[in-house]
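Coordinates in review
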Amino acid sequence: MKPRQYSCGLDAAIDVIGGRWKALILWALHAGPLRTGALRRSVDGISEKMLIQVLREMEADEIVHREVFHEVPPRVEYSLTPLGVRLNEALVPLGDWGEDNMRAIARRRGVEPAPTH
């Protein structure tokens, strides 16, 4: 079987952030490291099992770092790697576009928009 080839940089980037949760996890980690529970609370609707699965994929892609603190009780924190920071920076314009168009998108899709701050 022939290995997959990316057709362009966007194809490679989408492969890394594809799926429902990865971009939201990246966004949640932008302000700094979070423990697993805090990260799950930051990403509305994700189950603990799915969070752990997605975080493992993100670790394998070297965009998220997992640090285990050997203390009692054990503590694990997740943070962005330099590669993850760059990817998050690339997502800022996409997030801005989403903010600017969220109400119209929500209306067309029958979704409740997030409350405005």
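Conventions and cut-offs
Residues numbered from 1 in each chain as written. Predicted model: local features only at pLDDT ≥ 70, side-chain atom pairs only at ≥ 80, totals over all residues. Heavy atoms only, no water. Helix = DSSP H or I, 4+ residues; strand = E, 2+ residues; numbered from the N terminus. Contact = heavy atoms within 4.5 Å. Areas by Shrake-Rupley, 256 points an atom, 1.4 Å probe, with all protein chains shown as cover. Lys, Arg positive; Asp, Glu negative; His and termini not counted. Charge placed at Lys NZ, Arg CZ, Asp CG, Glu CD. Salt bridge = Lys/Arg side-chain N within 4 Å of Asp/Glu carboxyl O. UniProt positions renumbered as here; feature names shortened; annotations may be inferred. Pairing = 2+ DSSP bridges.

The name recorded for the chain in an unreviewed UniProt entry is Transcriptional regulator, HxlR family, from Lentzea fradiae.

Within the chain one finds 5 helices and 3 strands. Ordering the α and β elements of the chain from the N terminus gives α-α-β-α-α-β-β-α. Each of the three principal axes of the chain carries a C-alpha extent, and together these read 50 × 45 × 25 Å. Within the chain, contacts between residues at least 6 apart in sequence are counted, and of these 42% link residues at least 24 apart. As displayed, the chain has an accessible area near 8,700 Å², and 55% of this comes from carbon and sulfur atoms. Here the chain contributes 16 positive and 16 negative side-chain charges, whose respective centroids are spaced 6 Å apart.

Another point: the pattern of salt bridges. A complete count under the given rule lists 3 salt bridges for this structure. Put simply, Lys-22 and Glu-57 hold a salt bridge, and the shortest N to O gap is 3.0 Å. Here Glu-57 lies in helix H4 (residues 48-60) and Lys-22 lies in helix H2 (residues 22-28), a separation of 35 residues in the sequence. Each of Glu-71, Arg-75 and Glu-77 takes part in one network of salt bridges that share partners.

Per the UniProt annotation, the sites labelled "domain: HTH hxlR-type" (unreviewed entry) are residues 8-106. Helix makes up 62% of residues 8-106 and strand 14%, with an end-to-end C-alpha separation of 30 Å.

Across 6 bridges, strand S2 (residues 64-69) lies against strand S3 (residues 75-80) in antiparallel orientation. Following the sheet pairing, Phe-69 is matched in S3 by Arg-75.

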